[in-house]
Amino acid sequence: MVPSGKHIASLCTDALHWIGYGCGSTPDYMIRGGRTYRILADYLGSPRLVVDVATGVVVQRLDYDPWGNISQDTNPGFQPFGFALTYKEVDLKSAPCARIRIG
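Predicted model only: the values in this text are computed from it and were never measured.

About the thresholds
Residues numbered from 1 in each chain as written. Predicted model: local features only at pLDDT ≥ 70, side-chain atom pairs only at ≥ 80, totals over all residues. Heavy atoms only, no water. Salt bridge = Lys/Arg side-chain N within 4 Å of Asp/Glu carboxyl O. Helix = DSSP H or I, 4+ residues; strand = E, 2+ residues; numbered from the N terminus. Buried < 20%, exposed > 50% of the residue type's maximum accessible area, 1.4 Å probe, protein only. Pairing = 2+ DSSP bridges. Contact = heavy atoms within 4.5 Å.

The tally for this structure, following the rule as stated, stands at five salt bridges. Put simply, D28 and R38 hold a salt bridge, and the shortest N to O gap is 3.6 Å. Here D28 is found in the loop between β1 (16–19) and β2 (29–32), whereas its partner R38 is found in strand β3 (residues 35–41), with 10 residues between them in sequence. For D28, a relative accessible area of 15% translates into the label buried. With relative accessibility at 26%, the residue R38 sits in the partly exposed group. Each of D42, R48, R61 and D63 takes part in a single network of salt bridges with overlapping partners.

Here's what the structure looks like:
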């Protein structure tokens, strides 16, 4: 369950939703295929762990070398964020919706 709070943004692409709470640069939660995942990032905004909130299972672990290259990715392509919040290309033409709300 995603906690209540100020909804900052969501982007849905093929049943993939990003939900941000607080002031971090990486979304805190991702809803994909009806399941909610917590994205745990480091101080640069690089995702390190993606955890299924219902089970506590780590579904993706990412490690980076000092130059930002991925040295370990246990589930490539599971979510599109990388080192220091770089974003992998998403085809928005095929996305059913993309929206941002502030407040």
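Pairing analysis gives three bridges linking strand β4 (residues 47–52) to strand β5 (residues 58–64), with the strands arranged antiparallel. Pairing of L49 across the sheet is with R61, part of β5. In this antiparallel pair of consecutive strands, β4 and β5, the connection spans five residues, and G56 shows a positive phi of 80 degrees. When β5 meets strand β6 (residues 70–73), the two strands line up antiparallel, connected through three bridges. Bridge assignment links Y64 to a residue of β6, and that residue is I70. In textbook terms, the turn of a hairpin is the stretch between consecutive antiparallel strands, and for β5 and β6 this stretch comprises five residues, one of which, G68, has a positive phi near 90 degrees.

For the rest of this paragraph, the subject is the side chain of D63. Within the secondary structure, D63 is located in strand β5. Non-local contacts of D63, meaning those with residues more than four positions away in its chain, are made with R48, N69, I70, S71 and Q72.

The subject of this paragraph is the environment of L49. Mapping L49 onto the fold places it in strand β4. Overall, the relative accessible area of 28% leaves L49 in the partly exposed class. Note: C-alpha distance between L49 and D63 (14 residues apart in sequence) is 9.1 Å. Apart from residues no more than four positions distant in its own chain, L49 is found in contact with R38, I39, L40, V58, Q60 and R61.

Read these as geometric descriptors, not functional statements.
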